[in-house]
Amino acid sequence: MSAAPGPAPSGSARARGLGSARRGTGAWRAERVTAIALVPLTLWLVASLVALGRADRTAFVAWLGRPLHGFLTILLLIAVFRHTALGLQVIIEDYVHSAAKTPLLLLIHLLCFAICVAGVLATLGIMFAS
């Protein structure tokens, strides 16, 4: 004998992610975490590129080959593409109301993942070739 379902969650419970799906805050938090991570990583990248100035390709590859710079570049790539995927997901979920929603979400996540992996592999290739 199963228990009768409880009352429907109130509006504030649904807003906090405590509604029937119980998944409202995960993507929101992930978006905020990536946004916060992007602030110092982007400032580091801009400062580094300004410091490199008119360096040639050899100097840039040597710079990227250093462990700290390579590691921070990989973190930046991961944060940028995760944040991009989450942001585009929100846009699609809010504004696409057709059968194309699921394929678009899948495409967005696959493209962001593939481009991120390509960037990380390229960075690792430079780091370990140096």
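All figures in this text were calculated on a predicted structure; none of them were measured in a lab.

### What to know about helix α3 (residues 57-65)
Those residues of α3 that fall on the buried side of the exposure criterion are W63, L64 and G65. Against α2 (26-52), α4 (67-95) and α5 (101-129) lie the buried residues of α3.

### Describing the confidence of the model for the chain
Averaged over the chain, the pLDDT score is 88; the fraction of residues at 70 or greater is 81%. Between the elements of the chain, mean pLDDT differs from a low of 54, seen in helix α1 (residues 11-15), to a high of 97, seen in α5.

### Here we look at the packing of α3 against α5
Packing of α3 against α5 leaves a shortest axis separation of 8 Å and a crossing angle of 95 degrees. Judged by the inter-axis angle, α3 sits roughly perpendicular to α5. Every residue of α5 that contacts α3 at V61, L64 and G65 is listed here: T123, I126 and M127. When the residues that make up the contact of α3 with α5 are grouped by side-chain class, the tally is four nonpolar, two polar and no charged.

### Regarding the state of the cysteines
Throughout the structure, instances matching the rule amount to zero disulfides. Among the cysteines around C112, which has no disulfide bond, C116 carries the closest sulfur, lying 8.7 Å off. The class for C112 is buried, based on a relative accessible area of 9%. On the accessibility criterion, C116 (12% relative accessible area) is buried.

### Re the pattern of salt bridges
Here the structure, examined in full by the defined rule, presents one salt bridge. Salt-bridge contacts for E31 lead to R32; the nearest nitrogen and oxygen are separated by 3.5 Å. Overall, the relative accessible area of 16% leaves E31 in the buried class. Taking the relative accessible area as the measure of exposure, R32 reaches 37% and is therefore partly exposed.

### Quick notes on α5
With 29 residues, α5 should reach 42 Å at 1.5 Å per residue; the first-to-last C-alpha distance of 42 Å fits that figure. Along α5, the positions that sit buried rather than exposed are L105, I108, C112, C116, G119, V120, T123 and M127. At its buried positions, α5 is contacted by α3 and α4.

The rules behind the values
Residues numbered from 1 in each chain as written. Predicted model: local features only at pLDDT ≥ 70, side-chain atom pairs only at ≥ 80, totals over all residues. Heavy atoms only, no water. Buried < 20%, exposed > 50% of the residue type's maximum accessible area, 1.4 Å probe, protein only. Helix = DSSP H or I, 4+ residues; strand = E, 2+ residues; numbered from the N terminus. Contact = heavy atoms within 4.5 Å. pLDDT = per-residue confidence, 0-100. Axes fitted to C-alpha atoms, helices over the stretch in contact; angles between N-to-C directions. Parallel < 35°, antiparallel > 145°, perpendicular 65-115°, else oblique. Nonpolar A, V, L, I, M, F, W, Y, C, P; charged D, E, K, R; others polar. Disulfide = S-S within 2.5 Å. Salt bridge = Lys/Arg side-chain N within 4 Å of Asp/Glu carboxyl O. Expected span 1.5 Å × (residues − 1).

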